Amino acid sequence: MSNSMWGGRFKSDTNALMQAINSSIDFDKNLYSQDIAQSIAHAKMLAHTKIISEQDKDDIIKGLNTIKQEIEQGQFKFSSALEDIHMNIEARLAELIGEAAGRLHTARSRNDQVATDFKLYTRDAIDMLVGQIKALQSALILRAEQEVQTIMPGFTHLQSAQPVSFAHHLLAYVEMLSRDYHRLLDARKRLNQCPLGCAALAGTSFPIDRYMVAEELGFTEPNANSLDGVADRDFILETLSAASICAMHLSRFAEELVIWSSAQFNFIELSDSFSTGSSIMPQKRNPDAAELVRAKIGRIMGAYTSIMMVMKGLPLTYSKDMQEDKELSFDALNNLSLSLEAMTGMVSDLSVNKEAMKQAAGAKFSTATDLADWLVREANVPFRDAHHITGKIVSLAESKELTLEQLELKDMQEIDKRINQSIFEVLSVENSVKSRTSYGGTAPKNISREISGWKRILKIS
């Protein structure tokens, strides 16, 4: 049968296949809380502007609160025949309070209704995500505080490059997450205009107070253009763009956790809580939580790309294509939330093999740059010449199967007579790390200062 909410001009029933492709209740029921909140705000405004009576408003609000309770207690029966969350709630409201329910939809459309619901949902998701980002930052900072003196290899091209503090490495992700945090908050600022009252697309002839509704729902102001109000999905695209970058950062860190926990590296061990075993190899300890976090970027970036493709060809204002925005967004934002929680757990209880890290930090002549810098600083050698001299010394050490520290002074002096005993002061990984005192460098005193600063920002005691 045709839908009683809109079927007045239709003479025949909707095809079952049309009903299946048109229904969105299976996923947009996630918007129930936001839909009820904006309906309550709308009812209050309609009564305030004398469009409906105070009694109708009271009955509507009472009925909506009953429906919210039914949904949260699992007693509400969702119907695909009613298509979406808006009409499911309105139909139930009519059952509860009768004729007054039909007055709730005065001066609004499902177009501005869904845009409002979706903005409220996205805003709530951002608020949750930024809290989870701060929790992960806090876990990284507390871990870094324990690892200031822990030395590990810094990498370029995944090749051992220069020694760094493990704490310095962790703080790099704190910086990345800070940008993610602010990107999401920036998106929140721009989405915080209320579409309700734009109606189908052109506004309404009723004397509504859009500022009252916006304030009631925590928006800064109403949308200034009714066409843009119902057509805009920039807010979810911008949020998913920021979410994709955040997920990419988590994926990079997850990749490192996978590598570091391998037998070949043996830098860390993830706890039992975030590892799994093999069904056939009893010795295996698999970093599955990190691997799954690494994979989530595909779903999150995929949602962003898919919705961009949905929107790119749509003329103003609303088209049914836009129904495809929510299921993907719900999945993406839920998966980012899950990834942040999982990463926070992994960071909080992983074990660090400090000796393995330090041993790897000294491999592959990682203090060669320190040798070159010494030649520049102490022997007044131009850096390009110092680079060439150091390369020869590295080649000599490699041929003797020695580290730079293990070479004898006379061997180095055969390559350049300006080298003296003090060269050995810069060739240890500890002294290399301590020497990187430039702003942003890996010297422990820099790191301690950064940790203190972040603890103040995040209010970590």
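Residues numbered from 1 in each chain as written. Predicted model: local features only at pLDDT ≥ 70, side-chain atom pairs only at ≥ 80, totals over all residues. Heavy atoms only, no water.

Examining the overall build of the protein
Helix and strand content of the protein: 18 helices and six strands. Referenced to the eigenvectors of the C-alpha coordinate spread, the extents of the protein come out at roughly 100 × 50 × 45 Å. For the protein, the residues scored as buried account for 51% of the 461 residues in total. Considering only residue pairs separated by 6 or more positions, the protein has 74% of its internal contacts joining residues 24 or more positions apart. Of the roughly 22600 Å² of accessible surface on the protein, a fraction of 51% belongs to carbon and sulfur atoms. Looking at the protein, you have 50 positive and 60 negative side-chain charges, and the mean spots of the two groups are 2 Å apart. (Helix = DSSP H or I, 4+ residues; strand = E, 2+ residues; numbered from the N terminus. Buried < 20%, exposed > 50% of the residue type's maximum accessible area, 1.4 Å probe, protein only. Contact = heavy atoms within 4.5 Å. Areas by Shrake-Rupley, 256 points an atom, 1.4 Å probe, with all protein chains shown as cover. Lys, Arg positive; Asp, Glu negative; His and termini not counted. Charge placed at Lys NZ, Arg CZ, Asp CG, Glu CD.)

Concerning unusual backbone geometry
Between Leu316 and the following residue, Thr317, the backbone shows a cis peptide bond with an omega angle of 10 degrees. Look at Leu158: it is not a glycine, yet its phi comes out positive at around 60 degrees. With respect to the element layout, Leu158 can be found in the loop between strand E1 (151-156) and strand E2 (159-165).

What about the nonpolar core?
What tends to happen in soluble globular proteins is that the nonpolar side chains get buried as a cluster. One finds Leu140, Phe253, Leu257, Trp260, Leu336, Met343 and Met346 to be the most contacted residues of the largest nonpolar core, which totals 105 residues. Here this core gets 15 residues from one element, more than from any other, and that element is helix H10 (residues 234-260). Beyond its immediate chain neighbours, meaning those up to four positions away, Met343 contacts Leu136, Leu250, Phe253, Ala254, Leu257 and Val293. By size, the runner-up hydrophobic cluster in this structure holds 21 residues, among which are Ile393, Ala397, Val426 and Leu427. (Core = buried A, V, L, I, M, F, W, Y, C linked by side-chain atoms within 4.5 Å.)

Quick notes on the packing of helix H7 (residues 166-191) against H10
Look at H7 against H10: their axes get within 8 Å of each other, and the N-to-C directions meet at 165 degrees. In terms of their interaxial angle, H7 and H10 are classed as roughly antiparallel. For the pair H7 and H10, the sense of crossing is left-handed. Each residue belonging to the contact of H7 with H10 can be placed in one class, and the counts come to 15 nonpolar, three polar and eight charged. (Axes fitted to C-alpha atoms, helices over the stretch in contact; angles between N-to-C directions. Parallel < 35°, antiparallel > 145°, perpendicular 65-115°, else oblique. Left-handed = near helix turned anticlockwise from the far one by under 90°. Nonpolar A, V, L, I, M, F, W, Y, C, P; charged D, E, K, R; others polar.)

Some words on the pairing of E2
Of the pairings in the sheet, the one linking E1 to E2 comprises six bridges and is antiparallel in character. Among the inter-strand pairings, Pro153 is bridged to a residue of E2, identified as Pro163. A loop of two residues connects E1 with E2, the two strands running antiparallel in sequence, and His157 in this loop sits at a positive phi of about 60 degrees. (Pairing = 2+ DSSP bridges.)

Overview of the packing of helix H4 (residues 54-72) against helix H5 (residues 85-97)
Two elements in contact, H4 and H5, have axes separated by 9 Å at closest approach and are oriented at 120 degrees. Handedness of the crossing formed by H4 with H5: right-handed. Contact residues: H4 offers Asp59, Ile60, Gly63, Leu64, Thr66, Ile67 and Glu70, while H5 offers Ile89, Arg92, Leu93, Leu96 and Ile97. Along the lines of polarity and charge, the residues of the contact of H4 with H5 split into seven nonpolar, two polar and three charged.

Here we look at the packing of aromatic side chains
The full count for this structure, using the stated rule, is nine aromatic pairs. Measuring from centroid to centroid gives 4.8 Å for Phe76 and Phe78, while their planes differ by 55 degrees, and the two rings are tilted. We classify Phe78 as partly exposed; its relative accessible area is 31%. Summarising the aromatic geometry, the rings of Phe166 and Trp260 are spaced 5.7 Å apart at their centres and angled 75 degrees between planes, so their arrangement reads as edge-to-face. Highlighted residues: Phe166 in helix H7 and Trp260 in helix H10, separated in sequence by 94 residues. Both residues of the pair, Phe166 and Trp260, belong to the buried class. Site record: aromatic cluster; members linked through ring pairs are Phe118, Tyr121, Phe235 and Phe330. Lying over the aromatic face of Phe219, Arg123 brings its terminal NZ or CZ to 4.9 Å of the ring centre. Against the face of Phe118 rests Lys326, its NZ or CZ located 5.4 Å from the ring centre. (Phe/Tyr/Trp six-rings, centres within 6.5 Å; stacked < 30°, edge-to-face > 60°. Lys NZ or Arg CZ within 6 Å of the ring centre and 35° of its normal.)

Side note on the environment of Glu378
Looking at the secondary structure, you find Glu378 in helix H14 (residues 368-379). On the basis of relative accessible area, Glu378 is assigned to the partly exposed category, the value being 49%. Taking the C-alpha atoms as reference points, Glu378 and Gln34, separated by 344 residues in sequence, lie 68 Å from one another.

Looking at the state of the cysteines
For the structure shown, the criterion picks out zero disulfides. Summary of cysteine pairing: Cys198 is not part of a disulfide, and the nearest cysteine sulfur, belonging to Cys194, is at 7.9 Å. (Disulfide = S-S within 2.5 Å.)

Some thoughts on a negative patch on the surface
Together, Asp26, Asp321, Glu324 and Glu327 give the surface a local cluster of negative charge. Inspection of the secondary structure assignment puts Glu324 in helix H12 (residues 324-349). Residue Glu324 is classed as partly exposed on the basis of its relative accessible area, which comes to 45%. (Patch = residues over 30% accessible without salt bridge, like charges linked within 9 Å, V, L, I, M, F, W, Y side chains within 5 Å. Salt bridge = Lys/Arg side-chain N within 4 Å of Asp/Glu carboxyl O.)

As for the side chain of Thr317
Looking at the secondary structure, you find Thr317 in the loop between helix H11 (288-311) and H12. Beyond its immediate chain neighbours, meaning those up to four positions away, Thr317 contacts Ala200, Leu201, Leu227, Val230, Ala231 and Met322.

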